Protein chains: 2
Amino acid sequence: MHSPAEVAARYKEQGRRLTPQRQLLFSLMHNNASHPTAEGLHEVASKRMPGISLRTVYQTLDELSDMGEIQLMHGDGGALRFDSNVDEHHHAVCAETGELFDVYVDNIESLRAQLPAGFEVQNVSIVFHGRLAKKKSQTTTKSPARPQTVRAKSTKRSPRRTSRGSTK
Amino acid sequence: MHSPAEVAARYKEQGRRLTPQRQLLFSLMHNNASHPTAEGLHEVASKRMPGISLRTVYQTLDELSDMGEIQLMHGDGGALRFDSNVDEHHHAVCAETGELFDVYVDNIESLRAQLPAGFEVQNVSIVFHGRLAKKKSQTTTKSPARPQTVRAKSTKRSPRRTSRGSTK
DNA sequence: TCCTTATTCGCACGACTTGCGAATAATCAC
DNA sequence: GTGATTATTCGCAAGTCGTGCGAATAAGGA
Ligand SMILES: [Mn+2]
Ligand SMILES: [Mn+2]
Ligand SMILES: [Zn+2]
Ligand SMILES: [Zn+2]
């Protein structure tokens, strides 16, 4: 999303009022890569502004979403998550922590998919499920991302068995 | 999922009892490509067995999931959906109807993704969002799927504006 | 400062799912 | 077939997450 100042400007342009609650939320969401839930954001906001209501957090996030400043993410069935990154990107989910990371994929068009006849694709969302290996804490250099080709560890699914026997 | 008879056999092997409710649900889920919700399945089941409870539908679907006979799908934030297809596959969602279609992708490994450093991918899920164009109803030939390369119509997102002006 | 009305925020409610336990019924031993 | 055992069903309560509602409050302009 845009900077708090820019978002504030857009708010004014639209006749919306600049409240302390909104300004706080603008700053908390700006450059926020944690994909927070409403409750999570509310907790953080409450430290700086005790008394701010969860309802207001929901409302402001909805406004930002309507304005295209943030994106909504449904996901694992848990709480809705808010994404301050509105660029075209995808996600990696750590199965252990539930953390979400942004992932950029540049060759989605190359996917060979057997789509239903007559289906017109508008956009594609990809989620990489996996684990973030424990850092060997060698070079403290924050190496956020690294280009690589996907290689699933094992496509092993649920514990199915080969039903053999009295199947008539 | 396996055939009702096979699932029934697996149930017995595990000391579970074969009730009419379960048997009905086995048959309703077998080869069911509609990715139904619990409520949807309950409605259908209620026609053949008036009185069957929604609670039992949830319970049985959970059992089938635990046994690896079906898969759970979270998704758009609405109700949980149950997938009788446990093969490795992906989905296409019609934005108009919400219908879900199975999609097979054979070259996921070719994706070039900038994953977080140290992230080990276990599996990837892809969702194609779009619309199912109205059939010209020419050949009634049910042509379920057709291989093709993905080509998004337009990556246009939310209605953002170029914040120009009083940005300090 | 005063007025207008957008905003905040608590509460109720809705959608979806799960916990709980009494009543019921499937399965087995005899 | 009869009876005992206990897994299962099912209604209801409760939990989670998000939204509708409206009175009290406060932003922003006159
Ligand atoms: Mn909205
Ligand atoms: Mn389960
Ligand atoms: Zn993101
Ligand atoms: Zn499917």
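My aim in this report is to walk through the structure given alongside it, one point at a time. (Residues numbered from 1 in each chain as written. Chains lettered and ligands numbered in written order. Predicted model: local features only at pLDDT ≥ 70, side-chain atom pairs only at ≥ 80, totals over all residues. Heavy atoms only, no water.)

Some points on the pattern of salt bridges
All names here are of chain A.
Okay, so step 1: Throughout the structure, instances matching the rule amount to eight salt bridges over all chains.
Okay, so step 2: Its salt-bridge partner being Glu 69, residue Arg 10 comes within 2.7 Å of it at the nearest N-O pair. Here Glu 69 lies in the loop between helix H4 (54-66) and strand E1 (71-73) and Arg 10 lies in helix H1 (residues 4-13), a separation of 59 residues in the sequence. One exposure class covers both Arg 10 and Glu 69, and it is buried. (Salt bridge = Lys/Arg side-chain N within 4 Å of Asp/Glu carboxyl O. Helix = DSSP H or I, 4+ residues; strand = E, 2+ residues; numbered from the N terminus. Buried < 20%, exposed > 50% of the residue type's maximum accessible area, 1.4 Å probe, protein only.)

Thoughts on the protein's contact with DNA strand D
Okay, so step 1: Taken together, 18 residues sit near DNA strand D, with Leu18(A), Tyr58(A), Leu80(A), Thr19(B) and Arg22(B) positioned nearest.
Okay, so step 2: Near the protein, meaning within 4 Å, the atoms of DNA strand D are sugar or phosphate in a fraction of 67%, with bases accounting for the rest.
Okay, so step 3: In this structure, Tyr58(A) approaches DNA strand D through a side-chain N or O atom, which is 2.5 Å from a phosphate oxygen.
Okay, so step 4: For DNA strand D, a sugar or linking oxygen lies 3.1 Å from a polar atom in the side chain of Gln21(B).
Okay, so step 5: Per-element accounting of the surface near DNA strand D gives the leading share, three residues, to helix H4 (residues 54-66) of chain B.
Okay, so step 6: The class makeup of the residues in the surface near DNA strand D is six nonpolar, six polar and six charged. (Near = heavy atom within 4 Å. Polar contact = N/O pair within 3.5 Å; in protein donor to acceptor, adjacent residues only side chain to side chain. Nonpolar A, V, L, I, M, F, W, Y, C, P; charged D, E, K, R; others polar.)

Points about the protein's contact with DNA strand C
Okay, so step 1: Close contacts around DNA strand C come from 18 residues, with Thr19(A), Arg22(A), Arg55(B), Tyr58(B) and Leu80(B) the closest.
Okay, so step 2: Protein-adjacent atoms of DNA strand C, using a 4 Å cutoff, are sugar or phosphate at a proportion of 66%.
Okay, so step 3: In the model, a phosphate oxygen of DNA strand C is placed 3.2 Å from a nitrogen or oxygen of the Ser53(A) main chain.
Okay, so step 4: When residues of the surface near DNA strand C are traced back to their parent elements, those giving at least two are helix H2 (20-29) and H4 of chain A together with H4 of chain B.
Okay, so step 5: By residue number, the principal contributor to the surface near DNA strand C is H4(A), which donates three residues.
Okay, so step 6: Broken down by class, the residue content of the surface near DNA strand C amounts to six nonpolar, six polar and six charged.

Overview of the coordination of the zinc ion (ligand 4)
Residue and element names in this part refer to chain B.
Okay, so step 1: Coordination sphere of the zinc ion (ligand 4), protein contribution only: His 35 (NE2), Asp 83 (OD), His 89 (NE2), His 91 (NE2) and Asp 102 (OD), at 2.0 to 2.2 Å.
Okay, so step 2: Read in sequence order, the donor residues coordinating the zinc ion (ligand 4) give the pattern H-x47-D-x5-H-x1-H-x10-D.
Okay, so step 3: For Asp 83, a relative accessible area of 2% puts it in the buried group.
Okay, so step 4: Under the relative-accessibility criterion, His 89 is labelled buried at 7%. (Donors = N, O, S within 2.8 Å, 3.2 Å for Na, K, Ca; no water.)

So, the packing of aromatic side chains
Okay, so step 1: All told, the structure shown has two aromatic pairs over all chains when counted by the stated rule.
Okay, so step 2: Above the face of the Tyr11(A) ring, Arg16(A) is positioned so that its terminal group lies 5.6 Å from the ring centre. (Phe/Tyr/Trp six-rings, centres within 6.5 Å; stacked < 30°, edge-to-face > 60°. Lys NZ or Arg CZ within 6 Å of the ring centre and 35° of its normal.)

Section: the coordination of the manganese ion (ligand 2)
The reference angle at a metal is 109.5 degrees if four donors form a tetrahedron and 90 or 180 degrees if six donors form an octahedron.
Okay, so step 1: Around the manganese ion (ligand 2), the protein supplies Asp62(B) (OD) and Asp66(B) (OD) as donor atoms, at distances of 2.6 Å. Highlighted residues: Asp62(B) and Asp66(B), both in helix H4, separated by four residues, approximately one helical turn.

Concerning the pairing of strand E4 (residues 100-105) of chain B
Okay, so step 1: When strand E5 (residues 112-116) of chain A meets E4(B), the two strands line up antiparallel, connected through two bridges. Within E4(B), the residue paired with Ala113(A) across the bridge is Val105(B).
Okay, so step 2: Hairpin remark: strand E3 (residues 90-94) of chain B followed by E4(B), antiparallel, with five residues in the connecting loop; positive phi at Gly98(B), about 85°. (Pairing = 2+ DSSP bridges.)

Thoughts on the nonpolar core
Okay, so step 1: In this structure, Leu115(A), Ile126(A), Phe128(A), Leu115(B), Ile126(B) and Phe128(B) are the most contacted members of the largest nonpolar core, which totals 29 residues.
Okay, so step 2: Among the elements that take part in this core, strand E6 (residues 119-132) of chain B stands out by supplying six residues, more than any other. (Core = buried A, V, L, I, M, F, W, Y, C linked by side-chain atoms within 4.5 Å.)

Brief notes about unusual backbone geometry
Okay, so step 1: The backbone phi angle of Asn31(A) is positive, close to 60°, even though this residue is not glycine.
Okay, so step 2: Following the sequence through the fold, Asn31(A) ends up in the loop between H2 and helix H3 (38-48).

Thoughts on the packing of H2(A) against H4(A)
Residue and element names in this part refer to chain A.
Okay, so step 1: Running from N to C, H2 and H4 cross one another at 65°; their axes reach a closest spacing of 10 Å. Relative to H4, the crossing made by H2 is right-handed. Judged by residue contacts, Gln 21, Arg 22, Leu 25, Phe 26 and Met 29 of H2 engage Thr 56, Val 57, Thr 60, Leu 61, Glu 63 and Leu 64 from H4.
Okay, so step 2: Of the residues contributing to the contact of H2 with H4, the split by class is six nonpolar, three polar and two charged. (Axes fitted to C-alpha atoms, helices over the stretch in contact; angles between N-to-C directions. Left-handed = near helix turned anticlockwise from the far one by under 90°. Contact = heavy atoms within 4.5 Å.)

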